[in-house]
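Listed below are the residues making up each chain.
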Amino acid sequence: MKKIKKRGAVYGVIALLLCAAVYLNWSYVDAPDELLAAGETNTDSTSTSAEGEEDYFAASRLSREQARDEAVSTLRELSESEEADQAAKDEAAAQISALADDSVTEANIESLIRAKGYADAVVMIGDSSVNVVVAPPDGGLQATDVTVIKDIVVSETGVTAGQVKIVEAE
């Protein structure tokens, strides 16, 4: 009975930490105005806007990686713990592997989006969705742009088009 309670507690901690990492990751995507606000006060709006977008994308990537590194660190501690049972260790190792796969897939998608001519993009893969923040081309994102980006995401991840959310960085 103690073993079952201990296993449940371990799984609960893993789930809580992963949820926290995902929340922190997505919370930075919802705040582009805060990151761009300092750059918009400059009189040269073209260079300031471009610099603000670059700062936003760099900050988003950094926060995504920090949240993921924190989750991996916690999972690694669990997988190396002598108190955890083998099932918990196996689950932690599987989650570490999944996080690593997501990192590679996100980087691939970002590269493919840039290869299609977009200035920059940040991709965040969640449990049941993929969020993409893209630097819009001149004139903003059009339906054809959304289709191109969704096609890239769907082909690289296997999710359905309905699970892909594309946001234009402002």
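Residues numbered from 1 in each chain as written. Predicted model: local features only at pLDDT ≥ 70, side-chain atom pairs only at ≥ 80, totals over all residues. Heavy atoms only, no water.

**Examining the sheet that holds strand 1 (residues 121–125)**
The following threshold applies: Pairing between strands is defined by DSSP: at least two bridges between them are needed. Only runs of H or I of at least four residues qualify as helices and only runs of E of at least two qualify as strands under DSSP, and these elements are numbered from the N terminus. Angles here are taken between N-to-C directions and fall from 0 to 180 degrees, while the axes themselves are lines fitted to C-alpha atoms, restricted in helices to the stretch in contact. Any two residues whose heavy atoms approach within 4.5 Å at even a single point are treated as in contact.
An order of 1-2-3 is seen for the three strands of this open sheet, with the pairing classed as mixed. With partners counted over all chains shown, the strands left at the sheet margins are strand 1 and strand 3 (164–168), one partner each. Taken pair by pair, the neighbouring strands of this sheet meet at an average axis angle of 15°, ignoring direction. Here strand 1 runs beside strand 2 (residues 130–134); their pairing, made up of five bridges, is antiparallel. Looking at the pairing, Val 122 lines up with Val 133 of strand 2. This element, helix 4 (residues 86–115), spans strand 1 and strand 2 of the sheet and lies at about 150° to strand 1. In the packing of helix 5 (residues 143–157) onto the sheet, contacts are made with strand 1, strand 2 and strand 3, and the angle to strand 3 comes to roughly 140°.

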